[in-house]
Amino acid sequence: IGFLRQAEIKHGRVAMAAFVGYCVQAQGFTWSFPMRVDGTPWPKIEDVGSVPALWDALPQASKWQIILAIGALEVWDEYQFDGIPDDKEPHYMRGGQPGKFAGKKGSIFPFNLYDPFGFNRKMSEERKQKRLVMEVNNGRLAMIGIMGFLAEGVTPGSVPLLKGVIPSYNGNVMIPFEGDFHWLTPNI
């Protein structure tokens, strides 16, 4: 059941990145350079109140760049049609390994996203399998963690251990363009 393992691995990786990103943003860290060429600074948590509100404070163009970049990665990972490079990994539903993104060969990237410096090149298959199980377990925990942060922000007190730790958020975390989705909708 390759597609279920693929979904679990992929969502776990996204959740791990989201969890770490939430923690970093909650501490008030931003990039050291301006958000826009005109010098517009990045939104600060002190100004908006919570981590999900930082997303709301981003300009719509920034949100589209993020979503389209992720979409490009998805298309590259999933596409299987005539003209596929011979050295591209087979699809996980056609004998490929779930969770394995194209390495340097057959990829649109100049380096391997998983191991760009080749530290794990000589790792044994047994150790790789053990680390995959660790990654899946960490991904499961990260999914619980990020959803706990979001739940506590939207419904204060819903996660007793986080009560008073996570600031309240009045928006809807499941609507990424809430109040700012005029690009595809007519002006009313």
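Criteria and thresholds
- Residues numbered from 1 in each chain as written.
- Predicted model: local features only at pLDDT ≥ 70, side-chain atom pairs only at ≥ 80, totals over all residues.
- Heavy atoms only, no water.
- Helix = DSSP H or I, 4+ residues; strand = E, 2+ residues; numbered from the N terminus.
- Buried < 20%, exposed > 50% of the residue type's maximum accessible area, 1.4 Å probe, protein only.
- Contact = heavy atoms within 4.5 Å.
- Areas by Shrake-Rupley, 256 points an atom, 1.4 Å probe, with all protein chains shown as cover.
- Lys, Arg positive; Asp, Glu negative; His and termini not counted.
- Salt bridge = Lys/Arg side-chain N within 4 Å of Asp/Glu carboxyl O.
- Polar contact = N/O pair within 3.5 Å; in protein donor to acceptor, adjacent residues only side chain to side chain.
- Phe/Tyr/Trp six-rings, centres within 6.5 Å; stacked < 30°, edge-to-face > 60°.
- Expected span 1.5 Å × (residues − 1).

Chemist: How should I be thinking about the overall build of the chain in this particular structure?
Modeler: Along the chain, the regular secondary structure elements total five helices and zero strands. Its helices and strands in sequence order give the chain the pattern α-α-α-α-α, from N to C terminus. Going through the 188 residues of the chain one by one, you find that 27% of them count as buried. Within the chain, contacts between residues at least 6 apart in sequence are counted, and of these 50% link residues at least 24 apart. Total accessible area on the chain stands at roughly 13200 Å², and carbon and sulfur atoms take up 63% of it.

Chemist: Looking at this structure, how should I read the environment of Tyr22?
Modeler: You can see Tyr22 is positioned in helix 1 (residues 2-26). With 29 residues separating them along the chain, Tyr22 and Val51 place their C-alpha atoms 6.5 Å apart. Tyr22 has contacts with Val51, Pro52, Ile146, Phe149, Leu150 and Ile166, leaving out every residue within four places of it along the chain.

Chemist: Just checking my understanding: could you explain the side chain of Glu152 for this structure?
Modeler: Tracing the backbone shows Glu152 in helix 5 (residues 125-154). One buried charged residue, Glu152, forms no salt bridge at all, with the nearest opposite charge on Lys163 at 7.5 Å. Polar contacts involving the side chain of Glu152 include one to the main-chain amide nitrogen of Ser158, which spans 3.3 Å. Not counting residues up to four positions away in its chain, the partners in contact with Glu152 are Gly157, Ser158, Val159, Leu162, Lys163, Gly164 and Ile166.

Chemist: I keep staring at the packing of aromatic side chains and nothing clicks. Help me out?
Modeler: For any two aromatic rings, the description comes down to two numbers: the centre-to-centre distance and the angle of the planes. The tally for this structure, following the rule as stated, stands at five aromatic pairs. On the numbers, 5.8 Å between centres and 40 degrees between planes, the contact of Phe117 with Phe119 is tilted. Residue Phe117 is classed as exposed on the basis of its relative accessible area, which comes to 63%. Classification of Phe119 by relative accessible area gives exposed; the value is 70%.

Chemist: Any chance you could explain the pattern of salt bridges here in plain terms?
Modeler: Once the charged atoms of two side chains with opposite charge are near each other, the side chains can pair. The tally for this structure, following the rule as stated, stands at five salt bridges. Here the residues in one salt-bridge network are Arg5, Glu8 and Arg140, joined through shared partners.

Chemist: How should helix 4 (residues 60-78) be read in this particular structure?
Modeler: Given 3.6 residues per turn, any residue in an α-helix points the same way as the ones three and four places further on. In this model, helix 4 (19 residues) spans 27 Å end to end at C-alpha, consistent with the 27 Å of a helix rising 1.5 Å per residue. Residues of helix 4 that are buried: Gln60, Ser62, Lys63, Trp64, Trp76 and Asp77. Those residues of helix 4 that are buried are in contact with helix 1 and helix 3 (51-57).

So far we have only geometry, and geometry alone does not tell us how the molecule works.
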